[in-house]
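Letter by letter, the chains look like this.
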Amino acid sequence: MTDTSDRLVNMAQIMNTGSPQAVALGLRTLEIGPGRVVMTAPYREDLIGNPSTGVIAGGVVTTMLDHASGQAVYAALDSPDAVATLDLRIDYMRRAEPGRDLFVEAHCYRVTHAIAFVRAIAYDADKTDPVATAQSAFMLNSSAGRPAGANLKPPAAQSKSAR
Amino acid sequence: MSEATDRIVAAVRDLPYARFLGVEVVFSGDEMTAVLPFAEHLIGNPVLPAIHGGVLGAFMEITAIAQLSALQPAERLPRTIDISMEYLRSGRPLTTYARAQVKKVGRRVSNVHVEAWQEQRDAPIAFLRGHFLADPRD
């Protein structure tokens, strides 16, 4: 393994185990490289979004797409930096098959000094037959000097601050 | 309206994924508010900490579908065609609220806008716009 791939694998591990929502969904990174990531989440009955069909909730797909896209941005940066989703657009092609694990492949294809652009595909078996596709923009250096725990402060001190 | 609203409240309560997030809906007359009490497992960024952007998107999508179901009862739940989310402020570790406006109810496709906020109604944290397919066949 090169230093870069070691660094990216470690970063993915930290991003997945350090994020309570990623842990709650069981998100794992299968592959990571510069600007690219493949993630998976297991099918679970407690994540069903339509009880009459057993199909997993669209929200799970949304969260996976957001998480994997953010991770692809990290994987495209030379050094760690706080990033935040600015916008995320998702097209749902078809419902996921009940019982199948979900996969997301995300590609951060462009980074400017302030913004990173990402495309992602969600699928359950075959990448050429996607469940959903996504396009998103992320803000770089989104913390802009805000310290850890900044969101715990009362709102008056925070309401006018930049995101 | 109360029979329809009771049905929606029960449908959200019985939805496994809504229970996983902790989403509830409350009605004031025909106006619906969705409520997402803060919980540790909703956090995406543990440093700030901030609620996961995907969770906020999921919460707003549930809000849209619930509001649409209240207006247009059908055998099957509406299915999401596409959604677009905009994030204005990070979600702080507080209760989040959302309300949906159904901009058009079509025979097949409806257009819904959702706004999410926390302590201040006039300082929204996120928006969702989406198209939803009525009574999907497959």
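Scoring rules and cut-offs
Residues numbered from 1 in each chain as written. Chains lettered and ligands numbered in written order. Predicted model: local features only at pLDDT ≥ 70, side-chain atom pairs only at ≥ 80, totals over all residues. Helix = DSSP H or I, 4+ residues; strand = E, 2+ residues; numbered from the N terminus. Rg over C-alpha atoms; globule rule 2.2 N^0.38 Å. Buried ≥ 20, exposed ≤ 12 C-beta atoms within 10 Å, placed from the backbone. Expected span 1.5 Å × (residues − 1). Contact = placed C-beta atoms within 7 Å. Nonpolar A, V, L, I, M, F, W, Y, C, P; charged D, E, K, R; others polar. Pairing = 2+ DSSP bridges. Axes fitted to C-alpha atoms, helices over the stretch in contact; angles between N-to-C directions. Core = buried A, V, L, I, M, F, W, Y, C linked by C-beta atoms within 7 Å. Left-handed = near helix turned anticlockwise from the far one by under 90°. pLDDT = per-residue confidence, 0-100. Parallel < 35°, antiparallel > 145°, perpendicular 65-115°, else oblique.

*Asks:* How should I be thinking about the overall build of chain B in this particular structure?
*Replies:* The helix and strand inventory of chain B stands at 3 helices and 8 strands. In chain B, the succession of helices and strands from N to C terminus is α-α-β-β-β-β-α-β-β-β-β. The C-alpha radius of gyration computed for chain B amounts to 14 Å, which stays within 12% of the reference 14 Å derived for 138 residues, consistent with globular compactness. A total of 138 residues make up chain B; the buried ones form 46% of that total.

*Asks:* Just checking my understanding: could you explain helix α3 (residues 53–71) of chain B for this structure?
*Replies:* An α-helical turn contains 3.6 residues, so a residue and the one three or four places further along point in the same direction. Counted at 1.5 Å a residue, the expected span for α3(B) with its 19 residues is 27 Å, and the 27 Å between its end C-alpha atoms agrees. When you tally the buried positions in α3(B), you get 18 out of 19 residues, the bulk of the element.

*Asks:* Help me understand the interface of chain B and chain A, please; the structure alone is not making it clear to me.
*Replies:* The extent of an interface is frequently quoted as the accessible surface area lost upon association of the parts. Taken residue by residue, the interface counts 40 residues in chain B and 36 residues in chain A. At 8 residues, strand β5 (residues 79–87) of chain B tops the list of elements feeding residues into the side of chain B that touches chain A. Each residue belonging to the side of chain B that touches chain A can be placed in one class, and the counts come to 22 nonpolar, 10 polar and 8 charged. Judged from the 5 bridges that link them, strand β5 (residues 83–92) of chain A and β5(B) form a sheet pairing that is antiparallel. The residue bridging D87(A) from the neighbouring strand is E86(B), located in β5(B).

*Asks:* Honestly, the sheet that holds strand β6 (residues 96–104) of chain B in this entry has me stumped. Any pointers?
*Replies:* Consider a sheet: its strands pair through backbone hydrogen bonds, and that pairing is either parallel or antiparallel. On the basis of which strands lie adjacent, the open sheet formed by 12 strands has the order β1(A)-β2(A)-β6(A)-β7(A)-β8(A)-β5(A)-β5(B)-β8(B)-β7(B)-β6(B)-β2(B)-β1(B) and antiparallel pairing. Pairing within the sheet leaves two strands with one partner each, and these edge strands are β1 (28–33) of chain A together with β1 (24–28) of chain B. Strand-to-strand twist of the sheet, defined as the mean angle between neighbouring strand axes without regard to direction, takes the value 20 degrees. Sheet topology places β5(A) next to strand β8 (residues 132–140) of chain A; 9 bridges connect them, and they run antiparallel. Across the sheet, the residue bridging to Y92(A) is A132(A), located in β8(A). Along the sheet, helix α3 (residues 58–76) of chain A contacts β1, β2 (36–41), β5, β6 (102–111), β7 (115–123) and β8 of chain A together with β5 of chain B; its crossing angle with β6(A), the most-contacted strand, is approximately 40 degrees.

*Asks:* Hey, could you run me through the nonpolar core in this one?
*Replies:* Generally speaking, nonpolar side chains in soluble globular proteins are found buried as a group. Within the largest apolar cluster, 90 residues are counted, with the highest numbers of intra-cluster contacts made by M64(A), L65(A), V104(A), A122(A) and F59(B). With 11 residues, α3(B) is the largest single contributor of residues to this core. F59(B) has contacts with L21(B), V23(B), A34(B), L36(B), T96(B), A98(B) and A116(B), leaving out every residue within four places of it along the chain.

*Asks:* What's the story with unusual backbone geometry in this structure? I'm lost.
*Replies:* Glycine aside, negative phi is the norm for most residues, and most peptide bonds take the trans geometry. Residues and elements named next belong to chain B. A cis amide bond, omega -15 degrees, links L48 with the succeeding residue P49. Among the structural elements, P49 can be located in the loop between β3 (43–45) and β4 (50–51). We note that D135 has phi near 45 degrees; this positive angle belongs to a residue other than glycine. Among the secondary structure elements, D135 is positioned in the segment after β8 (126–133).

*Asks:* Help me understand the packing of helix α1 (residues 3–17) of chain A against α3(A) in this model?
*Replies:* Packed helices, taken two at a time, are described by their axes: the angle between them and the distance between them. All names here are of chain A. Where α1 contacts α3, the axes come no closer than 10 Å and their chain directions differ by 145 degrees. In this structure, α1 meets α3 at a crossing whose hand is right-handed. Judged by residue contacts, L8, M11, A12 and M15 of α1 engage Q71, Y74 and A75 from α3. Grouping the amino acids of the contact of α1 with α3 by side-chain chemistry returns 6 nonpolar, 1 polar and no charged.

*Asks:* Quick question: what am I supposed to make of the confidence of the model for chain B here?
*Replies:* For chain B, mean pLDDT is 94; residues scoring 70 or higher make up 99% of the total. Taken over the whole predicted complex, pTM reads 0.94, whereas the ipTM for its chain interfaces reads 0.95.

*Asks:* Explanation requested: the pairing of strand β2 (residues 31–36) of chain B in the structure shown.
*Replies:* For a regular strand, side-chain orientation follows a simple rule: the groups alternate between the two sheet faces. All names here are of chain B. Here β2 shows a clear split, with M32, A34 and L36 buried on one side and none of E31, T33 and V35 buried on the other. Of the strand pairs in this sheet, β1 and β2 are connected by 5 bridges, and their pairing is antiparallel. Its bridge partner lying in β2, F27 is registered against M32. In this antiparallel pair of consecutive strands, β1 and β2, the connection spans 2 residues, and G29 shows a positive phi of 65 degrees. Of the pairings in the sheet, the one linking β2 to β6 comprises 3 bridges and is antiparallel in character. Each bridged residue has a counterpart across the sheet, and for V35 the counterpart in β6 is Y97.

*Asks:* I tried to follow the packing of α3(A) against α3(B) on my own but got confused; where do I start?
*Replies:* Two elements in contact, α3(A) and α3(B), have axes whose closest approach is 8 Å; the angle formed by their N-to-C orientations is 155 degrees. Classed by the angle they form, the pair α3(A) and α3(B) counts as roughly antiparallel. Of the two possible hands of crossing, α3(A) and α3(B) adopt the one that is right-handed. Two secondary-structure elements touch here, α3(A) through G58(A), G59(A), T62(A), T63(A), D66(A) and H67(A) and α3(B) through G53(B), G54(B), V55(B), G57(B), A58(B), E61(B) and I62(B).

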